[in-house]
Amino acid sequence: MGEIAAFVNRGASSITPAVVEKVLRHLPQWKLEFTQIQEPRFPHLVDQLEFLADAVEDVAEGAYKDLPYYALAQATFALIYAHKRVGIIPDSFLDLGRADDSAVVRAVLIQNEKAFGLYAARRNLDWSKITSDP
């Protein structure tokens, strides 16, 4: 997971408020796309992506102000990465296409477990259903 975490950290370092704003405009469509992910090997991926998308929306719109910027940047990077069709492993590879997306999302959740746990509690969400544990 160390290499994936480093990859996420490098990617998140390029996330600016302008990038967050651009992603915010695309999130309604991306959320619909994410609901179409059918990967039995990664059963939590859709819920985790929805959780990260909601967190980005809430922070960007000012509804939640306690998420550290690095957590917002990492969440934004994970959403951008999951939206792309070609990543470390292209999404078209059967049974493996979403492995890299899942790893990136899990790295974000693990690195920011406390911050996202507080966000989940504020939204009355069960963190164990979102958790990074597969």
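Worth saying up front: this structure is predicted, and the values here are computed from it rather than measured.

1. Details of the overall build of the protein
When helices and strands are tallied, the protein shows seven helices and zero strands. Counted from the first residue to the last, the protein has its helices and strands arranged as α-α-α-α-α-α-α. Considering the protein as a whole, with its 134 residues, one finds that 46% of them fall into the buried category. Partitioning the intrachain contacts of the protein with sequence separation of at least 6 by distance along the chain shows that 71% fall at a separation of at least 24. In the structure as shown, the protein presents an accessible area of about 7200 Å², 55% of it carried by carbon and sulfur atoms.

2. A word on the nonpolar core
One recurring pattern in soluble globular proteins: nonpolar side chains tend to sit buried together. Counting 44 residues, the largest nonpolar core has Leu27, Leu49, Phe51, Leu52, Leu67, Leu79 and Phe116 as its most contacted members. Only α1 (2-12), α2 (17-35), α3 (45-60), α4 (69-83), α5 (99-111), α6 (113-122) and α7 (127-130) provide two or more residues apiece to this core. Not counting chain neighbours up to four residues away, the residues in contact with Leu67 comprise Val59, Leu72, Ala115 and Phe116.

3. A closer look at α6
Among the residues of α6, those classed as buried are Ala115, Phe116, Tyr119 and Ala120. On an axial view of α6, the arc spanned by its buried residues comes to 135°, and they lie on one face. For α6, exposure combined with an orientation more than 90 degrees from the buried face picks out Lys114 and Leu118. Of the residues flanking the end of α6, it is Asn124, one or two places downstream, whose phi is positive at about 55°.

4. Details of the environment of Phe7
Within the secondary structure, Phe7 sits in helix α1. Looking at Phe7, the relative accessible area reads 24%, which means it is partly exposed.

5. Some remarks on the pattern of salt bridges
With the rule as written, the count across this model stands at five salt bridges. Between Arg123 and Asp54 there is a salt bridge, and its shortest N-O distance comes to 3.3 Å. Placement of Arg123 in the loop between α6 and α7 and of Asp54 in helix α3 is noted, with a sequence separation of 69 residues between them. As a salt-bridge pair, Arg122 and Asp66 come within 3.1 Å of each other at their nearest N and O atoms. Here the residue Arg122 occupies a position in helix α6, and Asp66 occupies one in the loop between α3 and α4, the gap between them amounting to 56 residues.

6. Digging into the packing of aromatic side chains
Across all of its chains, the model carries seven aromatic pairs by this definition. Here the aromatic rings of Phe7 and Phe77 are separated by 5.5 Å at their centres, their planes lie at 70°, and the arrangement is edge-to-face. Here Phe7, found in helix α1, pairs with Phe77, found in helix α4; they are 70 residues apart in sequence, far enough to count as distant. Summarising the aromatic geometry, the rings of Phe51 and Phe116 are spaced 5.7 Å apart at their centres and angled 70° between planes, so their arrangement reads as edge-to-face. Placement of the pair is Phe51 in helix α3 and Phe116 in helix α6, with a sequence separation of 65 residues. In terms of burial, Phe51 and Phe116 fall into one category: buried. Here a set of aromatic residues connected by ring pairs shows up, and it is made of Phe51, Tyr64, Phe116, Tyr119 and Trp127.

What counts, and at which threshold
- Residues numbered from 1 in each chain as written.
- Predicted model: local features only at pLDDT ≥ 70, side-chain atom pairs only at ≥ 80, totals over all residues.
- Heavy atoms only, no water.
- Helix = DSSP H or I, 4+ residues; strand = E, 2+ residues; numbered from the N terminus.
- Buried < 20%, exposed > 50% of the residue type's maximum accessible area, 1.4 Å probe, protein only.
- Contact = heavy atoms within 4.5 Å.
- Areas by Shrake-Rupley, 256 points an atom, 1.4 Å probe, with all protein chains shown as cover.
- Core = buried A, V, L, I, M, F, W, Y, C linked by side-chain atoms within 4.5 Å.
- Arc of directions from axis to C-beta.
- Salt bridge = Lys/Arg side-chain N within 4 Å of Asp/Glu carboxyl O.
- Phe/Tyr/Trp six-rings, centres within 6.5 Å; stacked < 30°, edge-to-face > 60°.

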